[in-house]
Amino acid sequence: MSDNSLRAKVSLCNKFETYFSVGVAVESKYLDIYSPTIKQHFSTITPENAFKFENIHPNVHKFDFEEADLLVEYAKENKMPVRGHTLIWHEQLPDWVKKRLTNETNPNNAWDIVEEHVSSILDRYKNDVYCWDVVNEVISDDGKGIRDTIWRKALGEDYIEGVFQIARNVIPNGKFFINEYNGHIYDKRESMKKLLDKLSLNGVTVDGVGIQGHYNITFPTIEMIEDELKFYSSYGIKVHVTELDISVFDYFDRRSNVKKPTIEMVKKQEEMYVRLFELYRKYSNVVENVTIWGVSDKTTWLNDFPVYNRRDWPLLFDSELKPKNVMNIIMNI
Ligand code: GLA
């Protein structure tokens, strides 16, 4: 069977292509082992870490584009649109930024860092990356407002607006997102609404909201996620599900001695994946892309979080890269 006919036969992204694109997050070091799976099942790529500040801009005025270039080249060769993740975030910052922002008393100097960072990256990749998570995780965990981060302290209350304006100046017709988690919780969603309203009132265009989608088999419920999609649908803004994975551990389950998932865990995970894909299809008027946060369980970030060095099994392919049973079920919904 040729590559093309195989893909036509069993391919996750082909299955949903009339509803939304299906992407995956990767690191260039795994492209060798993951490439056949990526090509068969996914049609967009998110660099898992390559665009993060500490990797792409490790020193003052010094960028390191090597990793990002490798992924962008790979995506180009395979005609896969790239999601740019992420420009301004309070995590994975290099020490020089943390030091400068902490000691800075003049916001203009902090803005110079943002300006150089955002415009250098956007300028370099403007023809190769189709959308950007301009800011990441900007709503506070209690859902009461804008998160108090090192960026906000240095740049001022309304910094998100400024970051979007810088981005918009570089790519006037760019597709710019706010990427966030826990929007299935009412207060967080309300804060997001306030932020979107304010940006729009001030003439700042946000093209979409990223729903990260780091879930586990007990939380959140499908009903909560549906409420979130209904909300964005009636608000009239597009959604990308940017980082989907489903841990087999409840968040408060910190056991580290589980050798493999129980049958019950697997069943619950299957059910949740299937119901999610059904839901995304139902809301395809608003959901444009669904990205899985990693190809296989072998390299998932959850093998180190929230318990360091504990195995988890959150993805669609097992550690041997075999599609799990859930793939068969999803392919037949
Ligand atoms: C957040 C970030 C992602 C990634 C995950 C964990 O969701 O947005 O880039 O770091 O945490 O892998």
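Residues numbered from 1 in each chain as written. Predicted model: local features only at pLDDT ≥ 70, side-chain atom pairs only at ≥ 80, totals over all residues. Heavy atoms only, no water.

Peer 1: I'm lost on the overall build of the protein chain in this one. Help?
Peer 2: Secondary structure assignment for the protein chain yields 13 helices and nine strands. In terms of overall size, the protein chain behaves like a compact globule, its C-alpha atoms giving a radius of gyration of 20 Å where 333 residues would be expected to give roughly 20 Å. Taken over the C-alpha atoms alone, the protein chain extends approximately 60 × 40 × 40 Å along its principal axes. Looking at the protein chain alone, contacts between residues at least 24 apart form 76% of all its contacts between residues at least 6 apart. Accessible area of the protein chain: about 15200 Å², with a carbon and sulfur share of 49%. The positive charge centre, built from 42 side chains, and the negative charge centre, built from 51, are 4 Å apart in the protein chain. (Helix = DSSP H or I, 4+ residues; strand = E, 2+ residues; numbered from the N terminus. Rg over C-alpha atoms; globule rule 2.2 N^0.38 Å. Contact = heavy atoms within 4.5 Å. Areas by Shrake-Rupley, 256 points an atom, 1.4 Å probe, with all protein chains shown as cover. Lys, Arg positive; Asp, Glu negative; His and termini not counted. Charge placed at Lys NZ, Arg CZ, Asp CG, Glu CD.)

Peer 1: Mind showing me how you'd approach the nonpolar core here?
Peer 2: One broad rule of soluble globular proteins: the nonpolar side chains tend to lie buried together. Formed by 101 residues in total, the largest nonpolar core has its most connected members in Trp132 and Trp151. Contacts of tryptophan 132, omitting those with residues within four sequence positions, involve Phe51, Gly84, Leu87, Ile121, Leu122, Tyr125, Ile171, Lys175, Phe176 and Phe177. (Core = buried A, V, L, I, M, F, W, Y, C linked by side-chain atoms within 4.5 Å. Buried < 20%, exposed > 50% of the residue type's maximum accessible area, 1.4 Å probe, protein only.)

Peer 1: How should the pattern of salt bridges be read in this particular structure?
Peer 2: When their charged atoms lie close together, side chains carrying opposite charge are able to pair. For the coordinates displayed, the defined rule picks out 23 salt bridges. Between lysine 175 and glutamate 288 there is a salt bridge whose closest N-O contact spans 3.0 Å. Note that lysine 175 is positioned in the loop between helix 9 (159-170) and strand 5 (176-180) and glutamate 288 in strand 9 (residues 287-292), a separation of 113 residues in sequence. (Salt bridge = Lys/Arg side-chain N within 4 Å of Asp/Glu carboxyl O.)

Peer 1: Would you mind going over the packing of aromatic side chains with me for this structure?
Peer 2: A ring pair, where both rings are aromatic, is described by two values, the distance of the centres and the angle of the planes. Applying the stated criterion to the full structure yields 19 aromatic pairs. Note on phenylalanine 20 and phenylalanine 277: the rings are 6.4 Å apart at their centroids and 40° apart in plane angle, and the pair reads as tilted. One end of the pair, phenylalanine 20, is in the loop between helix 2 (12-16) and strand 1 (21-26); the other, phenylalanine 277, is in helix 12 (residues 263-282), with 257 residues separating them in the sequence. Given the relative accessible area of 2%, phenylalanine 20 is considered buried. Taking the centre distance of 5.0 Å and the plane angle of 65° together, the rings of phenylalanine 231 and tyrosine 232 count as edge-to-face. In this structure tyrosine 232 comes out as buried when scored by relative accessible area, which is 2%. Aromatic rings pair up to connect Phe51, Phe63, Phe65, Tyr125 and Trp132 into one cluster. Here arginine 83 stacks its cationic end above the ring of phenylalanine 177, 5.1 Å away from the centre of that ring. Taking the ring centre of tyrosine 181 as reference, the NZ or CZ of lysine 188 above it sits at 3.9 Å. (Phe/Tyr/Trp six-rings, centres within 6.5 Å; stacked < 30°, edge-to-face > 60°. Lys NZ or Arg CZ within 6 Å of the ring centre and 35° of its normal.)

Peer 1: How do you make sense of the site of the ligand when you look at a structure like this?
Peer 2: If you check the shell around the ligand, you find Lys52, His85, Trp89, Gln92, Asn136, Glu137, Gln212, His214, Glu243, Trp293 and Trp301 and nothing else. Within the side chain of glutamine 212, an N or O atom sits 2.9 Å from an oxygen atom of the ligand. Between an oxygen atom of the ligand and a side-chain N or O atom of glutamate 243, the distance comes to 2.4 Å. Residue composition of the shell around the ligand, by class: three nonpolar, five polar and three charged. (Near = heavy atom within 4 Å. Polar contact = N/O pair within 3.5 Å; in protein donor to acceptor, adjacent residues only side chain to side chain. Nonpolar A, V, L, I, M, F, W, Y, C, P; charged D, E, K, R; others polar.)

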